[in-house]
Amino acid sequence: MHFGGIYEDEVVGKMYDRKLMRRFVRYIAPYRRLIWVVLVMLPIMAVTKLAQPWLLKSAIDNHIVTGKLEGLPLLAAGFLGLIFAESAVTFVEVYLLQYVGQKVMYDIRIELFAHIQRLSARFFDQTPVGSLVSRLTSDIEVLGEMFAAGIVTIVGDVMVLAGIVGIMLWMNVKLSLVTFSVLPLLIWVAFTFRNWMRVAFRQVRARLGNLSAFLAESLGGMMVVQLFNRERDEAREFRRLNESYRDANLPVITWDAALYAVVESLSSVAVALIIWYGGGEIVKETLSFGALVAFIQYIERFFSPIRDLSAKYSVMQGAMASLERIFGLLDKKEEEQEPARLLVSPPQAAAVAAAGGRRTPGSISFSDLWFAYHNEDYVLKGFSLEVKSGEKVALVGETGGGKTTVTRLLSRLYEINRGCISIDGTDIREMSLKSLRSRIGVVLQDPYLFTGTIAYNISLGDPEAAKRVERAAAVVGADRFIRQLPKGFDEEVRERGGNFSAGERQLISFARAVAFDPEILVLDEATASVDPASERLIQQGLEGLMEGRTTLVVAHRLSTIRDADRIVVIHRGEKAEEGTHAELLAAKGLYYRLYQLQFKE
């Protein structure tokens, strides 16, 4: 079972409704004029609903019972007009609420996606992609359902209920009190079900996140699943998660059905009480037949919004659970985009001064770096290195020794625990992330291509980089295969570049790094997926690219870094050796042993 533990979506919750709604209202605020239009229409809606039973009472008592049919057609026409008016107002109300709901969902998605993009690499290490997709899609869709159910129309329902209570009390106080005797039980049931339904909805949203995360991971790795005949195991795991999601929905269905059934039963009890007590009043001639019919109509209209409210209540509880998850994600701390304005500590300042103060563009200083991904389990331990402008430095060592971590810290994908990294004498924590990362071009071992064209994947939509697409491709030799394609640079790229070979994808990623014209290049096992012929082409292109630029190369294949100005051997998070290829071979230390392991016959 590969799905569980850190990948289990947390059951976020226990925020108060009032706090959630207060935060949610700010998304509705830009559309308050439309909401006010709906609110103005609510009293009109209430009047059309309340007037219909009154017209029916008048028709029965003043015309049908008395046999005076004069004026009855006029009442019938008025009744029909009220129905048409109610329909027209309902249409406008529902349309505006749906419109506002779509606008609000759009705004929240934009904010949430922008926020996710600013979260740290550490967050993505611990959070499955499917869970984030669930929040951006299904959780936000629930908010649309909340608008569709008519969150604002609850105000209208309250108006109608208040109007019905007032009219019924005015018509007959005793009959009204008999009818309303079921309300205390109804209120108790509603408040009791409230907490149960919220807990159930939290479980539903969390289990859906788990299911989405599993699907994203399993479908993304389908080739591995098929190659190792793991389809049955994946199906078994999917069945487990699907069952978990189904079972989480069962309490929701139970409480929803129970609430609706209780409301329906109490409505029938109220009608029965009206017929029982009202029938006696008619016999005593203290209540008219028309008033009894009107009472039945009013009580039906009284419980109708309550029945609707039970459905809306279910949607509202689901929306509250979704808001908890959405706001919980929005509350995650972002990467610090702007400079932290940290002062360089005296020892670090001395190191910078000793190195000659401010340097030529692209010089890098790693000073006494300590870093751990988890707690005190340090990956780097006091690592220090000076890289001059335009110098090519290779980082080698055993897997897990800390080579890639050095490059990640340089780009501030992770924040340093202790120590300092400076570029041209300036602490990288004093630079904005945008400024820092615009100076660094990174090529990874596993290149990531996006759906679109080759030109887009090289420039990533940046206007300045777009001007350098063809030149960048020529520098790394990618133009040789691109120009042979039917559409050239406009050739479509399928998901993750599945229609290109591993070497071609890597060449495109090289061209991407060139197009952004960085001062510093980071090549993290960049030629690992490239065949020898393509590697020679890339090496030729990189000679021009690296001219005047500082380059850090992380490599396991030692043949690719023989011509580096310096080679640094990192062993268990510390700098163990440093020198040229020839110097390190002559020293017969760690590098010599690594070289012998790779090239011994």
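Quick notes on the rules
- Residues numbered from 1 in each chain as written.
- Predicted model: local features only at pLDDT ≥ 70, side-chain atom pairs only at ≥ 80, totals over all residues.
- Heavy atoms only, no water.
- Patch = residues over 30% accessible without salt bridge, like charges linked within 9 Å, V, L, I, M, F, W, Y side chains within 5 Å.
- Areas by Shrake-Rupley, 256 points an atom, 1.4 Å probe, with all protein chains shown as cover.
- Salt bridge = Lys/Arg side-chain N within 4 Å of Asp/Glu carboxyl O.
- Helix = DSSP H or I, 4+ residues; strand = E, 2+ residues; numbered from the N terminus.
- Buried < 20%, exposed > 50% of the residue type's maximum accessible area, 1.4 Å probe, protein only.
- UniProt positions renumbered as here; feature names shortened; annotations may be inferred.
- Axes fitted to C-alpha atoms, helices over the stretch in contact; angles between N-to-C directions.
- Parallel < 35°, antiparallel > 145°, perpendicular 65-115°, else oblique.
- Left-handed = near helix turned anticlockwise from the far one by under 90°.
- Contact = heavy atoms within 4.5 Å.
- Pairing = 2+ DSSP bridges.
- Expected span 1.5 Å × (residues − 1).

A cluster of nonpolar side chains, contributed by Tyr448, Phe450, Tyr456, Leu460 and Phe516, occupies part of the molecular surface with about 440 Å² of accessible area. Assignment of secondary structure puts Phe516 in the loop between α19 (502-515) and β9 (520-524). We classify Phe516 as partly exposed; its relative accessible area is 31%.

Moving on, we come to the environment of Ala291. Structurally, the position occupied by Ala291 is in helix α11 (residues 289-330). What makes Ala291 buried here is its relative accessible area of 5%. For the pair formed by Ala291 and Lys57, sequence separation is 234 residues and the distance between their alpha carbons is 5.6 Å.

Taking the numbering used here, the UniProt-annotated feature "transmembrane region" (unreviewed entry) corresponds to residues 31-51, 71-96, 147-171, 177-196 and 257-278. Overall, residues 71-96 shows 96% helix and 0% strand. The separation of its end C-alpha atoms is 38 Å.

Let's shift gears to the packing of helix α17 (residues 469-476) against α19. Where α17 meets α19, the closest approach of the two axes is 8 Å, and the angle between their N-to-C directions is 125°. Looking at the two axes, α17 sits oblique to α19. At the point where α17 passes α19, the crossing takes the right-handed sense. Contacts from Ala472, Ala473, Val475 and Val476 in α17 reach Leu507, Phe510, Ala511, Val514 and Ala515 in α19.

All right, on to the pairing of strand β10 (residues 550-554) then. Of all 5 residues that make up β10, 5 are buried, and the element is covered over most of its length. Side chains Thr550, Leu552 and Val554 project from β10 onto one buried face, and the interleaved Thr551 and Val553 project onto a second face that is buried too. Where strand β3 (residues 392-396) meets β10, 4 bridges bridge the pair, whose relative direction is parallel. Looking at the pairing, Lys392 lines up with Thr551 of β10. Note: β9 against β10, 5 bridges, orientation parallel. Directly across from Ile520, in β10, lies its bridge partner Thr550.

A few words now on the sheet that holds strand β5 (residues 426-427). Sheet architecture is open: 4 strands sit in the order β2-β1-β4-β5, paired in antiparallel fashion. The open sheet has two free edges, formed respectively by β2 (378-387) and β5, since each of these has just one partner strand. Where strand β1 (residues 364-372) meets β2, 7 bridges bridge the pair, whose relative direction is antiparallel. Of the residues in β2, the one forming a bridge with Trp370 is Lys381. Here helix α13 (residues 403-410) sits on the sheet and contacts β1, β2 and β4 (418-423); the angle it forms with β1, its principal contact strand, is near 110°.

So, about the pairing of β4. The element β4 is largely enclosed, with a buried count of 5 among its 6 residues. By the bridge criterion, 2 bridges tie β4 to β5 in an arrangement that is antiparallel. Residue pairing across strands places Ser422 opposite Asp427, the latter belonging to β5.

Remark on secondary structure: sheet strands pair via backbone hydrogen bonds, oriented parallel or antiparallel. What the 6 strands build is an open sheet, ordered β6-β9-β10-β3-β11-β12; its pairing is mixed. Edge strands, defined here as strands with exactly one partner in the open sheet, are β6 (440-443) and β12 (574-579). In this sheet, adjacent strand axes meet at a mean angle of 20° when their direction is disregarded. With 5 bridges joining them, strand β11 (residues 566-571) and β12 adopt antiparallel strand pairing. Residue pairing for β12: Val568 is matched across the bridge by Glu578. This element, α13, spans β3, β6, β9, β10 and β11 of the sheet and lies at about 145° to β9.

Our focus in this paragraph is the pattern of salt bridges. Taken as a whole, this structure holds 18 salt bridges when the rule is applied. A salt bridge links Asp247 to Arg246; its shortest N-O distance comes to 3.0 Å. Glu470 serves as the salt-bridge partner of Arg483, at 3.4 Å between the closest nitrogen and oxygen. You can see Arg483 sitting in the loop between α18 (479-482) and β8 (492-493) and its partner Glu470 sitting in helix α17, a full 13 residues away along the chain. A relative accessible area of 45% places Glu470 in the partly exposed class. It is possible to trace a salt-bridge network through shared partners that takes in Glu391, Arg566, Lys575 and Glu578.

Turning to helix α10 (residues 231-283), a few remarks are in order. Between the first and last C-alpha of α10 there are 76 Å, a value that for 53 residues agrees with the 78 Å anticipated at 1.5 Å per step. Downstream of α10 by one or two residues, Glu285 has phi in the positive range, about 60°.

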